[in-house]
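# Observations on the model geometry
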Amino acid sequence: MQANQNDFTVGTVRQRIVQQAVPLTLAQVVQLLYNIVDRIYIGHLPEVGELALTGLGVTFPVIVIIAAFTALFGTGGTPLFSIARGQGDEKEAEGIIGNVFALLTLSSAVLFVLCYMFRRPILLAFGASGESVVYADQYLQVYLFGTLFSMLVTGMNGYINAQGFPKFGMATTIMGAVINIVLDPLFIFAFGMGVRGAALATVISQAISAVWVLRFLTGRRAILRLKKETIRIDWQRTKRIMSLGLPGFVMQGTNSLVQIVCNSQLQLAGGAEFGDLYVRVMTVIGSVREILSLPVGGISNGAQPVLGFNYGAGRNDRVKEGVRFTALLGVVYTLLAWVVVMLIPRQLIGIFSDDAQTIAVGARMMNIYFFGFVFMSFQFVGQSTFQALGKAKKAIFFSLFRKAMIVVPLTVLLPVWFGVEGVFLAEPISNAVGGLACFVTMWLTVYRRL
C-alpha cells in the first residue's frame, strides 16, 4: 500500500492529481494567510491603518524577490527529483535534496544582508511615499530576519509532496499559519507593536514550520532523506536545478517588477493627493488575486510530480490525460472565481479596509482588473506542463512574455489614454494574450508529440 501511494503510475491519473492538488492547495491557502492576515489586521489599525496598509503593499516586491530565489532552487529541483524517482535513481534524488538545501541556505544569507542594509532606499525606489515608507520599513526590518525560515519552508516542503506525502506538506503550512493568526492580534494590538508585531508573528511561525519540514525530511517517515553527506553544492547538478527553476524565478521576479512599475505609475497618476490611495487599492486587489489564484496554482503544481513521474517512467498516455484534466479543472474554477468577483467586489475590498473611499474606488478597479480571469488558468497549465517535463526554455520564455513583454509596457502606456484605470487594465489583457499563447504552444509542441 505504501509503495502504491508513492508510485504515480498506479491508480487513475485524475485521482493522483486530486490527491496531490487538494492538500497542496489547502497548504498554499494557509501559507498565503501569513501575509494576508497581516494586511487584514494592519488595515484595521486605528488612525494609521490606511497608511500602514499602503506601506505593507510597498514591501511586496521585496518579499516576492525572496520568493523568486526560493523558486529558482526549491521548485527548480522538484521536477528533477520526481523524474529521478520515476527512473528509480534514489541516489540522485537524495543528492538533489541536499543540493537544494545548501543553495537555499547560502542564498538566504546573501539576500538578508543586501535587503537589510539597503531596505529604505529600496522601498522608496519601489513606490513608497515619504509617509508610507515609515510603516514599510518597520515591517521589513523585522520580516527579513525570517528569510532563512521562509526559504526553507517553501523551498523544501515540495520534496515532501513529491514523495507522495501531501498531507504532511499541508500540515507544514497549517501549523505555521495557525500560529501566525494567533500571534498577530497579540503582538499588534495587545503588546502595541503595530506593524512590527505583524512581522514578528510571521517570523516566529515560519521558524516553527521550518523545523517541522527539516524534521520530516531527516526522519524515518521520508522515503528519500536529507542527509549530511548530500548537503553540498554540485555545480553540474545546480545548473540543471537552476535551468528548471528559472521559469519560477522569472515569474516571481517579473511579478516583483510588475508591482514596482504599478506602484510607481499609480503614485504618478494619483499625484500627491491620491497616489497612496491607488497603491493601497492595488495592494488589496493583489491580495484578493493571490487568494483566488491559489486553487488553480495548486491544481497545476499538484499535477507536476504526477506528470514528471509518469514522464520519467515512460507513461506518456498518463501524462496527456493529466494535462487534459488539469486544464479542465483550471478553466472551471477560474470561471466560477470570476463570477464571484463580479458579484461582490465591495465585500471583498471591505475585508481589508473600512475606508469608504478605498472600498468605492477598489470595487470599480477590481471589476477591470479581474475581467477575463479565466485566461489565467491557461498560463498555469501550460507553464506547469513545460516545467514538469523539463522543457525549461519554453517555460522561461512564456514567464517573460506575459509579464515583462506585455504587462510592464502596458502599465506604462495605457495610463496615457485611460488614466489610472490603464494600470489595472494591463492585467486582463496580459492574461488573455499570454495565457492563450502559452497553452496553445504547449499543446502543439509538447502534448501532441507525447
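It should be emphasised that the depicted structure is a prediction, and the values quoted were computed from it without experimental measurement. (Residues numbered from 1 in each chain as written. Predicted model: local features only at pLDDT ≥ 70, side-chain atom pairs only at ≥ 80, totals over all residues. Heavy atoms only, no water.)

Below, the discussion takes up the side chain of Thr 54. In this structure, Thr 54 sits in helix H3 (residues 49-86). Separated by 3.5 Å, the side chain of Thr 54 and the backbone oxygen of Asp 276 make a polar contact. If near-sequence neighbours (up to four positions away) are discounted, Thr 54 is found in contact with Ser 132, Asp 276, Val 279 and Arg 280. (Helix = DSSP H or I, 4+ residues; strand = E, 2+ residues; numbered from the N terminus. Polar contact = N/O pair within 3.5 Å; in protein donor to acceptor, adjacent residues only side chain to side chain. Contact = heavy atoms within 4.5 Å.)

For the pair helix H7 (residues 147-161) and helix H9 (residues 195-217), the least separation of the axes is 8 Å and the interaxial angle reads 35°. In this structure, H7 crosses over H9, and the sense of that crossing is left-handed. Touching Phe 149, Ser 150, Leu 152, Val 153, Met 156, Asn 157, Tyr 159 and Ile 160 of H7 are Val 203, Gln 206, Ala 207, Ser 209, Ala 210, Val 213, Leu 214, Phe 216 and Leu 217, all from H9. Taken together, the residues of the contact of H7 with H9 sort by class into 13 nonpolar, four polar and no charged. (Axes fitted to C-alpha atoms, helices over the stretch in contact; angles between N-to-C directions. Left-handed = near helix turned anticlockwise from the far one by under 90°. Nonpolar A, V, L, I, M, F, W, Y, C, P; charged D, E, K, R; others polar.)

This paragraph deals with the nonpolar core. Counting 90 residues, the largest nonpolar core has Met 156, Ile 285, Met 365, Phe 370 and Phe 424 as its most contacted members. The element best represented in this core is helix H10 (residues 235-312), accounting for 16 residues. With residues near it in sequence (within four places) discarded, Phe 424 still touches Leu 266, Tyr 278, Val 281, Met 282, Ile 285, Met 365, Ile 368 and Tyr 369. (Core = buried A, V, L, I, M, F, W, Y, C linked by side-chain atoms within 4.5 Å. Buried < 20%, exposed > 50% of the residue type's maximum accessible area, 1.4 Å probe, protein only.)

Let's shift gears to the layout of surface pockets. Taken as a whole, the second largest pocket encloses approximately 150 Å³ of empty space. The wall of the second largest pocket is formed by 11 residues, among which Leu 51, Glu 273, Asp 276, Leu 277 and Arg 280 lie closest to the centre. Looking at the lining of the second largest pocket, the element that brings in the most residues is H10, giving seven residues. Looking at side-chain class alone, the lining of the second largest pocket contains four nonpolar, two polar and five charged residues. (1 Å grid on protein atoms, 1.4 Å probe; cavity = no way out; pocket = protein on both sides within 12 Å on 5 of 7 lines; lining within 4 Å. Points joined across faces, edges and corners; volume = space filled by probe spheres on them.)

Turning to empty space enclosed by the protein, a few remarks are in order. In this structure the tally under the stated criterion is four cavities of 30 Å³ or more. Empty space within the second largest cavity amounts to approximately 110 Å³. Forming the boundary of the second largest cavity are 14 residues, of which Val 258, Gln 259, Arg 289, Tyr 369 and Glu 427 lie nearest the centre. Looking at the lining of the second largest cavity, the elements with two or more residues in it are H10, helix H15 (392-418) and helix H16 (421-445). Counting residues per element, the lining of the second largest cavity draws most heavily on H10, at six residues.

By the secondary structure assignment, Thr 172 is in helix H8 (residues 166-190). For Thr 172, a relative accessible area of 0% puts it in the buried group. Once the C-alpha coordinates of Thr 172 and Asp 38 are considered, the two residues, 134 residues apart in sequence, prove to be 19 Å apart. Setting aside anything within four residues of it in sequence, one finds Thr 172 in contact with Val 153, Asn 157, Ile 160, Ser 209, Trp 212 and Val 213.

To describe two helices that pack against each other, one gives the angle between their axes and the distance between the axes. With their axes 9 Å apart at the nearest point, helix H4 (residues 90-117) and H7 run at an angle of 160° to one another. On the basis of their axis angle, the class for H4 and H7 is roughly antiparallel. Where H4 crosses over H7, the two elements pack in a sense that is right-handed. Where H4 abuts H7, its residues Ile 96, Ile 97, Val 100, Phe 101, Leu 104, Thr 105, Ser 107, Ser 108, Leu 111 and Phe 112 lie against Thr 147, Leu 148, Met 151, Leu 152, Gly 155, Met 156 and Tyr 159. The residue inventory of the contact of H4 with H7, partitioned by class, reads 12 nonpolar, five polar and no charged. (Parallel < 35°, antiparallel > 145°, perpendicular 65-115°, else oblique.)

One pass over the structure, following the stated rule, counts 22 aromatic pairs. Of the aromatic side chains, those joined through ring pairs into one cluster are Phe 375, Phe 378, Phe 439, Trp 443 and Tyr 447. Arg 119 extends its terminal NZ or CZ atom over the ring of Tyr 116, reaching a point 4.4 Å from the ring centre. Its end group placed over the ring of Tyr 447, Lys 320 keeps NZ or CZ at 4.9 Å from the ring centre. (Phe/Tyr/Trp six-rings, centres within 6.5 Å; stacked < 30°, edge-to-face > 60°. Lys NZ or Arg CZ within 6 Å of the ring centre and 35° of its normal.)

Here Lys 403 shows up in helix H15. By relative accessible area, which is 5% here, Lys 403 ends up buried. With 153 residues separating them in the primary sequence, Lys 403 and Val 250 have C-alpha atoms 9.1 Å apart. When neighbours within four sequence positions are excluded, Lys 403 is seen to be in contact with Thr 254, Asn 255, Val 258, Val 408 and Glu 427.

In this structure the tally under the stated criterion is 10 salt bridges. Put simply, Glu 50 and Arg 280 hold a salt bridge, and the shortest N to O gap is 2.9 Å. In this pair, Glu 50 is assigned in helix H3 and Arg 280 in helix H10, connecting sequence segments 230 residues apart. Here Glu 427 and Arg 402 are joined by a salt bridge, their closest N and O atoms 3.7 Å apart. Here the residue Glu 427 occupies a position in helix H16, and Arg 402 occupies one in helix H15, the gap between them amounting to 25 residues. Arg 402 shares its class with Glu 427; the two are buried. Overlapping salt bridges, with partners in common, bring together Glu 92, Arg 237 and Arg 240 in one network. (Salt bridge = Lys/Arg side-chain N within 4 Å of Asp/Glu carboxyl O.)

Moving on to helix H6 (residues 132-143). Under the 1.5 Å per step criterion, the end-to-end length of H6 is 17 Å for 12 residues, consistent within 8% with the ideal 16 Å. Within H6, 11 of the 12 residues are buried, which leaves it mostly tucked inside the rest of the structure. Within H6, burial applies to Ser 132, Val 133, Tyr 135, Ala 136, Asp 137, Gln 138, Tyr 139, Leu 140, Gln 141, Val 142 and Tyr 143. (Expected span 1.5 Å × (residues − 1).)

The values are spatial; any link to function lies outside them.
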